[in-house]
Amino acid sequence: GAVVSQHPSWVICKSGTSVKIECRSLDFQATTMFWYRQFPKQSLMLMATSNEGSKATYEQGVEKDKFLINHASLTLSTLTVTSAHPEDSSFYICSAKKLNSYEQYFGPGTRLTVT
Amino acid sequence: GESVGLHLPTLSVQEGDNSIINCAYSNSASDYFIWYKQESGKGPQFIIDIRSNMDKRQGQRVTVLLNKTVKHLSLQIAATQPGDSAVYFCAENISSGTYKYIFGTGTRLKVLA
């Protein structure tokens with residue numbers, strides 16, 4: 001149990017376009033989902049915390065108007081990178097947790113390349 | 001502050017030997033710690049966790065040690081195998097109630113045949 005999927009697994013888009021990444025908890029209800037960003041050979045950086053039915057909480061330095069997060073149901077959160085630029089190219093990873101549990105279950109990641 | 005790395009330290013270990021990967025965490029109020037394994041192009045995979053009221057926890061071939069006095073965490077892998085080659089991250093839950101994780105720099109483990 002506790003499987004998290006992401007879609008797509010990789011995406012290439014042109015500069016100026018928007019890209020939506022989905023994060024789904026397949027066999028449990030995720031009251032909270034987290035979005036991370038990871039550059040090559042670096043650690044995971046938390047971008048935002050998303051609670052079902054409420055606005056996401058963004059970490060310092062993360063532009064909320066650029067990285068739109070929606071958590072409309074207990075099994076789905078989406079991250080939309082708006083007006084993407086090459087510097088947004090990165091590996092985006094989501095995680096999900098159950099109510100009153102510390103453990104986060106991670107998705108397989110989405111590789112975004114902006115040309 | 002958070003530990004974010006621009007360099008990825010590498011640990012090379014002979015197959016069959018034991019590996020010890022270290023991590024210094026930043027927040028003395030952190031109450032939950034986790035070790036993750038990440039293979040290239042994949043998401044982090046849970047290995048083992050430990051709460052702050054413990055100083056040692058064992059799993060299958062892995063042991064996590066927690067030293068709260070010096071804010072140090074270690075992961076020991078017994079009889080290291082080629083499949084253990086990956087990047088290993090420690091993560092800390094920075095304070096109770098937020099459930100947010102801060103990830104460490106990461107260590108690349110290379111297993112030599």
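Just so it is clear, the structure is predicted and the values come from calculations on it, not from any experiment.

Regarding its fold elements, chain A presents zero helices and eleven strands. The order of helices and strands in chain A, counted from the N terminus, is β-β-β-β-β-β-β-β-β-β-β. Relative to its length of 115 residues, chain A is compact, with a C-alpha radius of gyration of 13 Å against a globular reference of 13 Å. Each principal axis of the C-alpha distribution contributes one length, and for chain A these read about 40 × 25 × 25 Å. Here chain A, with 115 residues, has 51% of them falling under the buried criterion. Pairs at least 24 apart in sequence give 54% of the contacts found in chain A among residues at least 6 apart. If you sum the accessible surface of chain A, you get close to 5500 Å²; carbon and sulfur atoms cover 52% of it.

To continue, consider the nonpolar core. Counting residues in each nonpolar core, the largest one holds 25 residues, and the members touching the most others are Val4(A), Phe28(A), Trp35(A), Leu79(A), Tyr92(A) and Leu112(A). Those elements that provide at least two residues to this core are β2 (10-13), β3 (19-25), β4 (32-38), β5 (44-51), β7 (67-73), β8 (76-81), β9 (90-97) and β11 (110-114) of chain A. If we skip the residues at most four places from it in the chain, Phe28(A) touches Ala2(A), Val3(A), Val4(A), Leu74(A), Thr75(A), Ala96(A), Lys97(A), Lys98(A) and Tyr105(A). Trp35(B), Val64(B), Ile77(B) and Val111(B) belong to the second largest nonpolar core, which has 19 residues in total.

Listed by partner, the interface residues are 23 residues for chain B and 22 residues for chain A. Taken over both partners, the interface formed by chain B and chain A buries close to 1900 Å², and the fraction arising from carbon and sulfur atoms is 59%. Joining chain B to chain A, the criterion identifies one salt bridge. Across the pair Glu59(A) and Lys100(B) runs a salt bridge whose closest N-O atoms are separated by 2.8 Å. Linking chain B with chain A are nine residue pairs in polar contact (both at pLDDT 80 or more), by the criterion used here. Sorting the residues of the side of chain B that touches chain A by element identifies β3 (32-38), β4 (45-51), β8 (86-93) and β9 (101-103) of chain B as the ones contributing at least two each. The biggest single contributor to the side of chain B that touches chain A is β3(B), with three residues. Partitioning the side of chain B that touches chain A into residue classes produces eleven nonpolar, eight polar and four charged.

All right, on to the pairing of strand β10 (residues 107-112) of chain B then. For a regular strand, the rule is simple: side chains alternate between the two faces of the sheet. Residue and element names in this part refer to chain B. Residues Thr107, Leu109 and Val111 line the buried face of β10, whereas the alternating positions Arg108, Lys110 and Leu112 sit on a face that is not buried. Note that β8 and β10 share three bridges and pair antiparallel. By the bridge assignment, Tyr88 is partnered in β10 with Thr107.

Once that is clear, we can look at the sheet that holds strand β7 (residues 72-77) of chain B. Residues and elements named next belong to chain B. One open sheet accounts for four strands, arranged β2-β7-β6-β5; its pairing is antiparallel. The sheet terminates laterally at β2 (19-24) and β5 (56-58), the two strands that pair on one side only. The sheet shows a mean angle of 15 degrees between the axes of neighbouring strands, taken without regard to direction. Bridge analysis of β5 against strand β6 (residues 62-67) gives three bridges, and the strand direction is antiparallel. Paired with Arg57 across the bridge in β6 is Val64.

Rules of the game
- Residues numbered from 1 in each chain as written.
- Chains lettered and ligands numbered in written order.
- Predicted model: local features only at pLDDT ≥ 70, side-chain atom pairs only at ≥ 80, totals over all residues.
- Heavy atoms only, no water.
- Helix = DSSP H or I, 4+ residues; strand = E, 2+ residues; numbered from the N terminus.
- Rg over C-alpha atoms; globule rule 2.2 N^0.38 Å.
- Buried < 20%, exposed > 50% of the residue type's maximum accessible area, 1.4 Å probe, protein only.
- Contact = heavy atoms within 4.5 Å.
- Areas by Shrake-Rupley, 256 points an atom, 1.4 Å probe, with all protein chains shown as cover.
- Core = buried A, V, L, I, M, F, W, Y, C linked by side-chain atoms within 4.5 Å.
- Buried area = accessible area lost by both parts, 1.4 Å probe.
- Salt bridge = Lys/Arg side-chain N within 4 Å of Asp/Glu carboxyl O.
- Polar contact = N/O pair within 3.5 Å; in protein donor to acceptor, adjacent residues only side chain to side chain.
- Nonpolar A, V, L, I, M, F, W, Y, C, P; charged D, E, K, R; others polar.
- Pairing = 2+ DSSP bridges.
- Axes fitted to C-alpha atoms, helices over the stretch in contact; angles between N-to-C directions.

The quantities given are spatial measurements derived from coordinates; they are silent on function.
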